[in-house]
Amino acid sequence: METKRLETLKQIAAGIAAQFGDKCEVVIHDVSSHPEHTIVHIENGHVSGRKVGDGASMVVLEQLEHQHEQPQDHLCYLTRTPDGKILKSSSLYIRNSRGAVTAIFSINYDVTGLMMMQQTIGELLSTQDKTEPEKIINVNDVLDELIEQSVALVGKPAALMNKDDKIKAIQFLNKAGAFLVTKSGDKVAKYFGISKYTLYSYIDTNKQQEEKK
């Protein structure tokens, strides 16, 4: 990566970190580097516990694996650090004059506390006449809506769910007919961060529980 371009990205990174405070980590990855040492600059590295010279994240590894493709910027997605922090992340692909990706500019904001506050506020505002979300018949067009309803039923984002929470969400999806949609299993498994084998074991667990009733 060109020195001038790197200095410009460093300036932008410092500005973003100053604007949003010490919970906002900004990372510059040089994708021309070895995967074990892609980080050439980082602001507020305590958020993820990384430093200059550390290795690539998953998004960087994917780019290194598909260097000849033209990826779209990946904006506003959730990631989890090894110590359990939930980060709202965005990754921007920086290209040279020939259009080749030379760097990845990543912003990671620690939203763990905000999510816990959101859950607490939701509990305070909840009423005692909760009802299960209405089942939707035309599931072929509304899988995304069904997933959103399953998350609302549990009351916390998928990144914060434990095993029992995920089983509850998947039980709702199964009863609502979500798995009648072609390839819905792949999408649901990816959304909840589990394998398809685990997904089907959760469904079987639900069936066994119902048979015992």
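Quick note: structure is the one above.
Because the structure is a prediction, the values reported are computed rather than measured.

**What to know about the environment of leucine 146**
Assignment of secondary structure puts leucine 146 in helix H4 (residues 143-154). A relative accessible area of 0% means that leucine 146 is categorised as buried. Counting along the chain gives 27 residues from leucine 146 to leucine 173, while the straight-line C-alpha distance between them is 6.7 Å.

**Here we look at the sheet that holds strand E5 (residues 101-110)**
An order of E2-E1-E5-E4-E3 is seen for the five strands of this open sheet, with the pairing classed as antiparallel. Whereas interior strands pair on both sides, the edge strands pair on one side only; in this sheet they are strand E2 (39-43) and strand E3 (74-80). Averaged over neighbouring strand pairs, the angle between their axes works out to 20° when direction is ignored. Here strand E4 (residues 86-95) runs beside E5; their pairing, made up of nine bridges, is antiparallel. From the neighbouring strand, isoleucine 94 faces E5, where its bridge partner is alanine 103. In the packing of helix H1 (residues 3-20) onto the sheet, the strands contacted are strand E1 (24-30), E2, E4 and E5, and the crossing angle to E1 comes to about 165°.

**Topic: the side chain of aspartate 110**
When you line up the elements, aspartate 110 lands in strand E5. For aspartate 110, which is buried and forms no salt bridge, the nearest opposite charge comes from lysine 23, at a distance of 4.5 Å. In this structure the side chain of aspartate 110 is engaged in a polar contact, spanning 2.7 Å, whose partner is the side chain of threonine 112. Ignoring anything within four residues of it in the chain, the contact list for aspartate 110 reads Lys23, Val47, Lys85, Ile86 and Leu87.

**Quick notes on the pairing of E4**
Summarising burial for E4: seven of the 10 residues are buried, a large majority. Taken together, the five bridges between E3 and E4 define a ladder with antiparallel strand orientation. Residue pairing across strands places threonine 79 opposite leucine 87, the latter belonging to E4. Counted along the chain from E3 to the antiparallel partner E4, the turn is five residues long, and its residue glycine 84 has a positive phi close to 95°. Two successive antiparallel strands, E4 and E5, enclose a turn made up of five residues, where glycine 99 displays a positive phi of approximately 90°.

Criteria and thresholds
- Residues numbered from 1 in each chain as written.
- Predicted model: local features only at pLDDT ≥ 70, side-chain atom pairs only at ≥ 80, totals over all residues.
- Heavy atoms only, no water.
- Helix = DSSP H or I, 4+ residues; strand = E, 2+ residues; numbered from the N terminus.
- Buried < 20%, exposed > 50% of the residue type's maximum accessible area, 1.4 Å probe, protein only.
- Pairing = 2+ DSSP bridges.
- Axes fitted to C-alpha atoms, helices over the stretch in contact; angles between N-to-C directions.
- Contact = heavy atoms within 4.5 Å.
- Lys, Arg positive; Asp, Glu negative; His and termini not counted.
- Salt bridge = Lys/Arg side-chain N within 4 Å of Asp/Glu carboxyl O.
- Polar contact = N/O pair within 3.5 Å; in protein donor to acceptor, adjacent residues only side chain to side chain.

That is the geometry; function is a separate question.
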